[in-house]
Amino acid sequence: MRMQLKYWLVLVLAGLTSMTSAQETFKELDETEINFLFNYYEQDGDNGAVQGGRGTEELSNVAPSLIVNIPLDTVKNLIAYIGFDNYSSASTDRIDDPYLENINLSTASSSDTRFYTNITYQRKNNAAKVTQSYKAGVSVEYDYTSISAGYGFAKESKDQNRELSLSGMAYFDTWQLIFPTELRGTDGLNNEKQRQSFNFTSTLSQVINKKLQASISGELVYQTGRLSTPFHRVFFNDGESNIFLKERRTEKLPDTRFKIPLGLRLNYYLNDYVVLRGYYRYYYDDFGITANTFEIETPIKIHSTLTIYPFYRYHIQTAADYFKPFGQHELTDEFYTSDYDLSEINTTSLGFGFKYSPIYGLARFKGPFSKKTGKVTKFKSVEVRYADYTREGNNANDPGGGDLDAYSLSFNMTFTF
Amino acid sequence: MKRNSLIIGIVILAGMAFQSCVSVEAYQKIYLNDENMELNARKVAVYETNFQAYREGASGANGGKTGGGCGCN
């Protein structure tokens, strides 16, 4: 009898053990996540590159987009990013205005829409702690088409405190060259030029202690092909004071560019209410631009469901070797631009965001796939972000040149099912 | 010279920080797993990164100034 009891006890224990291990090997599939994003951007300045560094830069842009993250199984994910930009620009309206008069022409160039999509297929090997990503993308607008492809590899340490990631991207772009109306040759709008960009990025992330983690990243970027914008005018120092008679050409830049940005990110969990997020970036390129960027963001937890985060960003850069303000380029210059984006500037961005994410979500409802999946759709969180952006020019012989004001308002609504 | 010193200083600081790392077990990562501690920019900040890349010639690793939105201006 005692032998029989022992036998049953061993059998039950063995059964329980096998059940437990069966439960452990079963892993529920992650939820599909959809982010609906929206942005409104507006800017104004007086240094439009289309008019040779003078004239309006007034512009507004509306940009909705969608990010969908679909787990295909426990180790594979598909991430799709789809969106469009619809802009209206007073500056590009001047492409067809040889006299640069300050009137609203509403030409075909005054507004445009860009559609874009990027797809990433990600596969994890949990045993080897390796993640591989395959990326492809396309972006289409009236005069510019870009096709991209890339590969990413990430290896995590055994204790998951360190990760090294390497990735490469290649962009193959085609310009339809639209020159300012008075500089258009006999080819009209039938000119096409190529541009290729090759990016290699490596990032090392490291947990430093229970409250501090950091990442350091380096990039190498090589661009070749048509790097100058065909509809940017440049006016020369030819002694002519009458703008209509002054020598003008379209922007000309070298056909290769090499960039090296280096970044350092440091996040510190100060206490249960405040987190400090710091970022520094150094930039160098062979156009002659060097730059330093600092950013600090401090998320503050007002409530377990509500976080607000003020942020401040400061950027300072030197001018490209080929930049000069309106009418200051010599006729003998090999390369020339009056685009103030490439000039000596410092910029500040000041803003705040808030994120509301209740534990059980803002709402639950039956979505389009509920019948199939048996899951309800959860409106998980809402995030709003506002940034005020100021650019100040520091260009010699051109006080106030390069100044620009802008603001950006963004939303992100997250759903899971 | 000043700029080079700054970069060297930052690299040394980063090196020191990485040197002083301690092994943190999975169950000790309650603070590190906070969503605000993620070592990436926020999804909602992607638009700002985009217009900054255009308005500042020192853009990062995208295709460079191309078009769309504020890129053409």
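Position numbers for residues count from 1 along each chain, tracking the sequence in the order it is written. Numbering of ligands from 1 and lettering of chains from A proceed in the order in which they are written. Owing to the predicted nature of the model, reporting of local features is limited to residues with pLDDT of at least 70; listing and counting of side-chain atom pairs is limited to 80 or more, with chain, interface and lining totals taken over all residues. Hydrogens and waters are ignored; side-chain quantities use all the structure's heavy atoms.

**Notes on the side chain of Arg55 of chain B**
So, step 1. Strands here mean DSSP runs of E at least two residues long; helices mean DSSP runs of H or I at least four residues long; both are numbered from the N terminus. By the secondary structure assignment, Arg55 of chain B is in helix α2 (residues 46–55).
So, step 2. Counting of polar contacts relies on pairs of N or O atoms within 3.5 Å, with two restrictions inside protein: one atom must be capable of donating a hydrogen and the other of accepting it, and residues adjacent in sequence are counted only when both atoms are side-chain atoms. Within the local environment of Arg55 of chain B, its side chain forms a polar contact with the side chain of Asp341 of chain A, the two groups lying 3.0 Å apart.

**Here's the deal with the interface of chain A and chain B**
So, step 1. By definition, residues are in contact when any of their heavy atoms lie within 4.5 Å. Taken together, the contacts link 99 residues of chain A with 52 residues of chain B.
So, step 2. Put simply, buried area is how much 1.4 Å-probe accessible surface two parts lose in total, over both of them, once they are put together. Across the interface of chain A and chain B, roughly 6100 Å² is buried in total on both sides, 56% from carbon and sulfur atoms.
So, step 3. Contact with chain B buries area across many residues of chain A, yet Ile208, Lys210 and Asp341 of chain A alone supply 10% of it, more than any other trio.
So, step 4. A side-chain nitrogen of Lys or Arg and a carboxyl oxygen of Asp or Glu constitute a salt bridge if their distance falls within 4 Å. At the boundary of chain A with chain B, the tally comes to 8 salt bridges.
So, step 5. For the salt bridge of Asp341 of chain A with Arg55 of chain B, the shortest nitrogen-to-oxygen distance reads 3.0 Å.
So, step 6. Counting every contact that joins chain A to chain B gives 29 residue pairs in polar contact (both at pLDDT 80 or more).
So, step 7. By residue number, the principal contributor to the side of chain A that touches chain B is strand β8 (residues 192–209) of chain A, which donates 9 residues.
So, step 8. By residue class, the composition of the side of chain A that touches chain B is 40 nonpolar, 32 polar and 27 charged. Residues are grouped as follows: Ala, Val, Leu, Ile, Met, Phe, Trp, Tyr, Cys and Pro are nonpolar; Asp, Glu, Lys and Arg are charged; every other residue, Gly included, is polar.

**Digging into the pairing of strand β15 (residues 300–303) of chain A**
Residue and element names in this part refer to chain A.
So, step 1. Whether two strands pair depends on DSSP finding at least two bridges between them. Here 3 bridges tie β15 to strand β16 (residues 306–317), and the two strands are oriented antiparallel to one another. Across the sheet, the residue bridging to Ile300 is Ile308, located in β16.
So, step 2. Hairpin connection from β15 to β16: 2 residues lie between these consecutive antiparallel strands.

**A look at unusual backbone geometry**
Residues and elements named next belong to chain A.
So, step 1. Positive phi, normally seen in glycine, also occurs at Lys129, with a value near 55°.
So, step 2. Locating Lys129 in the fold gives a position in the loop between β4 (111–125) and β5 (130–140).
So, step 3. Working definition: with a 1.4 Å probe on protein chains only, accessible area under 20% of the residue-type maximum means buried, over 50% means exposed, and in between means partly exposed. For Lys129, a relative accessible area of 25% gives the class partly exposed.
So, step 4. A positive phi angle is found at Asn397, which is not glycine, with a value near 60°.
So, step 5. Looking at the element boundaries, Asn397 is found in the loop between β19 (377–393) and β20 (404–416).

**Notes on the pairing of strand β14 (residues 290–297) of chain A**
In summary, the side chains of a regular strand alternate between the two faces of the sheet.
Residue and element names in this part refer to chain A.
So, step 1. Taken together, the 8 bridges between strand β13 (residues 275–285) and β14 define a ladder with antiparallel strand orientation. What sits directly across from Arg277, in β14, is Glu297.
So, step 2. Connecting the antiparallel pair β13 and β14 is a turn made up of 4 residues, with Gly288 showing a positive phi of about 100°.
So, step 3. In this sheet, β16 lies alongside β14 in antiparallel orientation, the contact comprising 7 bridges. Bridging across to β16, Ala291 finds its partner in Gln317.

**Considerations on α2 of chain B**
So, step 1. Of all the 10 residues making up α2 of chain B, 7 are buried; the element is thus mostly covered by neighbouring parts of the structure.
So, step 2. Taken together, the buried positions of α2 of chain B are occupied by Tyr47, Glu48, Phe51, Gln52, Ala53, Tyr54 and Arg55 of chain B.
So, step 3. The secondary structure elements touched by the buried residues of α2 of chain B are β1 (33–45), β2 (59–71), β16, β17 (345–356), β19 and β20 of chain A.

Geometric descriptors of this kind do not, in isolation, establish any biological role.
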